[in-house]
Structure formats: C-alpha cells, structure tokens
Amino acid sequence: MREIVTLQCTECKERNYTTTKNKKTTTGRLEFSKFCKRCRCHKPHRETK
C-alpha cells in the first residue's frame, strides 16, 4: 500500500526529494521542512502529484 511521492519546495517550486507514504493511514498531503538546493536554506516541502 506504500506509494512513492515527490516533494516540491513551496518557495521556488523545484522538485527535490522523493519519499514513500502509506495511503491508508496518511490520506492528506505530506509536508516536511527540508533543505532546498536552489534556495540554499531550509524551506517547507509539500507533496505533489
């Protein structure tokens, strides 16, 4: 039931990371604070389709 999802920076919209999530337990979109290479600082990264 795990699905591969892509994380996108909320500031510059660059897709930097991929991760997996369980579709049964996590129905909403994931959001993590990750390092963005283009912005060169930690920014929120949100799941995209």
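Calculation criteria
Residues numbered from 1 in each chain as written. Predicted model: local features only at pLDDT ≥ 70, side-chain atom pairs only at ≥ 80, totals over all residues. Heavy atoms only, no water. Salt bridge = Lys/Arg side-chain N within 4 Å of Asp/Glu carboxyl O. Helix = DSSP H or I, 4+ residues; strand = E, 2+ residues; numbered from the N terminus. Buried < 20%, exposed > 50% of the residue type's maximum accessible area, 1.4 Å probe, protein only. Pairing = 2+ DSSP bridges. Axes fitted to C-alpha atoms, helices over the stretch in contact; angles between N-to-C directions. Polar contact = N/O pair within 3.5 Å; in protein donor to acceptor, adjacent residues only side chain to side chain. Contact = heavy atoms within 4.5 Å.

The name recorded for the protein in an unreviewed UniProt entry is Large ribosomal subunit protein bL33, from Acidicapsa dinghuensis.

*Asks:* An account of the pattern of salt bridges is needed here, citing residue identities and associated values.
*Replies:* In total, this model carries five salt bridges according to the counting rule given. For K23, the salt bridge identified is with E3, shortest N-O distance 3.7 Å. Here K23, found in the loop between β2 (15-22) and β3 (31-36), pairs with E3, found in strand β1 (residues 2-9); they are 20 residues apart in sequence, far enough to count as distant. Here E3 falls in the partly exposed class, since its relative accessible area comes to 31%. Linking E47 and K21 is a salt bridge whose minimum nitrogen-to-oxygen distance equals 3.0 Å.

*Asks:* Outline the sheet that holds strand β4 (residues 41-48), listing residues and values.
*Replies:* With respect to topology, four strands assemble into an open sheet ordered β2-β1-β4-β3, the strand pairing being antiparallel. Strand pairing shows two members of the sheet lacking a second neighbour, β2 and β3, which therefore form its edges. Sheet twist, expressed as the mean angle between neighbouring strand axes with direction ignored, is 40°. One ladder, built from seven bridges, connects β1 with β2; its direction is antiparallel. Considered in β2, the bridge of T6 is made with T18.

*Asks:* Run through the side chain of H45, naming residues and quoting values.
*Replies:* Relative to the helices and strands, H45 is located in strand β4. Within the structure, the side chain of H45 is placed 3.0 Å from the side chain of N16, a separation counted as a polar contact. Once residues within four sequence positions are removed from consideration, H45 is found in contact with L7, Q8, C9, N16, Y17, L30, E31, F32, K34, F35 and C36.

*Asks:* How would you explain the pairing of β4 if you had to name every residue and give the values?
*Replies:* Here β1 pairs with β4 via four bridges, running antiparallel. Bridged to C9 within β4 is H45. Once β3 ends, the chain turns through four residues before running back antiparallel as β4, passing R40 with a positive phi of about 60°.

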